[in-house]
Amino acid sequence: SAHRNRDYILSIPVLLAQLEGVVTDILILKRTIIPKGKKLYIRGSDGRIKLDSKNKPIQVHGVGQIVQHANVKEQEVLNAVVTMLTNQLVGDRNAILHGRRTSYDTAKLSTQVLLLISIIANEIAALEQGKIYVEAESA
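Residues numbered from 1 in each chain as written. Predicted model: local features only at pLDDT ≥ 70, side-chain atom pairs only at ≥ 80, totals over all residues. Heavy atoms only, no water.

Engineer: Sorry, what's going on with the packing of helix α1 (residues 8-29) against helix α4 (residues 107-128) here?
Structural biologist: Each pair of packed helices gets described by two things: the angle between the helix axes and the distance between those axes. Where α1 meets α4, the closest approach of the two axes is 9 Å, and the angle between their N-to-C directions is 25 degrees. In terms of their interaxial angle, α1 and α4 are classed as roughly parallel. Every pair of crossing elements has a handedness; the one defined by α1 and α4 is left-handed. For the pair formed by α1 and α4, the contact residues are Tyr 8, Ser 11, Ile 12, Leu 15, Leu 16, Gln 18, Leu 19, Val 22, Val 23, Asp 25, Ile 26 and Leu 29 on the first element and Ala 107, Leu 109, Ser 110, Val 113, Leu 114, Leu 116, Ile 117, Ile 120, Glu 123, Ile 124, Leu 127 and Glu 128 on the second. (Axes fitted to C-alpha atoms, helices over the stretch in contact; angles between N-to-C directions. Helix = DSSP H or I, 4+ residues; strand = E, 2+ residues; numbered from the N terminus. Parallel < 35°, antiparallel > 145°, perpendicular 65-115°, else oblique. Left-handed = near helix turned anticlockwise from the far one by under 90°. Contact = heavy atoms within 4.5 Å.)

Engineer: Would you explain the pairing of strand β1 (residues 33-36) in this entry?
Structural biologist: Along any regular strand the residues' side chains alternate between the sheet's two faces. The sheet contact formed by β1 and strand β2 (residues 39-42) spans 4 bridges and is antiparallel. Looking at the pairing, Ile 33 lines up with Ile 42 of β2. Linking β1 back to β2 in an antiparallel pair, the connection comprises 2 residues, with Gly 37 at a positive phi of about 65 degrees. (Pairing = 2+ DSSP bridges.)

Next up, the structure:
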């Protein structure tokens with residue numbers, strides 16, 4: 001409703017947070033990252049949590065790292081979304097949500113984020129219906 005009411009100073013931070021959530025959801029469904037408690041970890045090729053050189057689990061922090069680990073090159077729509085997130089929105093998101101950028105209230109940015117959420121939601125629905133291939137988890 002904030003977007004419809006053109007209250008972009010309110011809609012954009014909320015939509016950016018939602019965008020991060022749906023990106024995380026699709027990467028969990030694609031088995032790219034593993035949620036454990038309130039934390040996210042990189043999934044290794046063996047299906048288990050990937051370990052660093054010190055044998056510690058590699059935790060994913062924030063949307064920037066989440067997007068970096070999105071292996072969606074074979075899926076055209078998701079690849080385009082990840083490219084846009086990487087090239088523009090990750091930096092905007094951090095600056096907006098951490099208060100460094102205060103003049104962000106534009107219809108364009110609110111609409112872009114809203115459309116990205118819609119696109120990802122459609123991809124999640126397709127994934128859940130089995131229309132998008134996901135590798136079987138190794139045990």
